[in-house]
Amino acid sequence: RVLSVLGCRYVDDVLLNAPWVITEEMIATLNVSKVVRGVVRDCEEAIHPCDPHRVPKALGIHVDLDSENSLTLQAISARLIERR
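Residues numbered from 1 in each chain as written. Predicted model: local features only at pLDDT ≥ 70, side-chain atom pairs only at ≥ 80, totals over all residues. Heavy atoms only, no water.

Peer 1: How would you sum up the overall build of the chain? Please name residues and give values.
Peer 2: The helix and strand inventory of the chain stands at four helices and two strands. Residues classed as buried in the chain amount to 14% of the 84 residues present. Considering only contacts in the chain between residues 6 or more positions apart, those separated by 24 or more positions represent 65%. (Helix = DSSP H or I, 4+ residues; strand = E, 2+ residues; numbered from the N terminus. Buried < 20%, exposed > 50% of the residue type's maximum accessible area, 1.4 Å probe, protein only. Contact = heavy atoms within 4.5 Å.)

Have a look at this one:
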C-alpha cells in the first residue's frame, strides 16, 4: 500500500510505522499540511476508543476521501472462507 500511495503524484511523503493517534506535536515536527484517509477502512474506532484524527480535524487539515473500492480485509477474509 505504501508504494501505491508514494506513486501518487499528489503525495509528497508517507510516514512508515505512524502512530495510531495523530498529535499536534507530530504535525508540527513533521510539517504536515494534510492528513488524508479513505472513508472505507479496515479498522474502525473499535481498536482505539478515541478519534485518532481529532487533532487534524480541529486544525482543519483533515480530509476524508471517497473510497473508490469498498473492499476491506473483512470482505477478503469472508471470500476466502466461502471458497474453502
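Peer 1: Explain the pattern of salt bridges to me, and be specific about the residues and the numbers.
Peer 2: Tallied over the full model, the rule gives two salt bridges. The partner of Arg37 in a salt bridge is Asp64, and the shortest N-O contact between them spans 3.6 Å. Remark: Asp64 occurs in strand E2 (residues 62–65) and Arg37 occurs in strand E1 (residues 35–38); sequence separation between them is 27 residues. When its relative accessible area of 42% is taken as the criterion, Asp64 is described as partly exposed. Note that Asp51 and Lys57 form a salt bridge whose closest N and O atoms lie 2.8 Å from each other. Judged by relative accessible area, which is 26%, Asp51 ranks as partly exposed. (Salt bridge = Lys/Arg side-chain N within 4 Å of Asp/Glu carboxyl O.)

Peer 1: How would you sum up the environment of Ile61? Please name residues and give values.
Peer 2: The residue Ile61 is located in the loop between helix H3 (54–59) and E2 in this model. Overall, Ile61 belongs to the buried group, its relative accessible area being 14%. Between the C-alpha atoms of Ile61 and Val32, which are 29 residues apart in sequence, the distance is 8.5 Å. Setting aside residues up to four positions removed in sequence, Ile61 forms contacts with Ile27, Val32, Ser33, Lys34, Val35 and Pro56.

Peer 1: Could you give me a rundown of the nonpolar core, with the residues and numbers involved?
Peer 2: One finds Ile22, Met26, Ile27, Val35, Val55 and Ile61 forming the largest nonpolar core, which totals six residues. Apart from the residues within four sequence positions on either side, Met26 is in contact with Leu15, Pro19 and Val32. (Core = buried A, V, L, I, M, F, W, Y, C linked by side-chain atoms within 4.5 Å.)

Peer 1: Outline the side chain of His53, listing residues and values.
Peer 2: The residue His53 is located in the loop between E1 and H3 in this model. A polar atom in the side chain of His53 sits 3.0 Å from the side chain of His62. The contacts of His53, once residues within four sequence positions are left out, are Ile22, Val35, Arg37 and His62. (Polar contact = N/O pair within 3.5 Å; in protein donor to acceptor, adjacent residues only side chain to side chain.)

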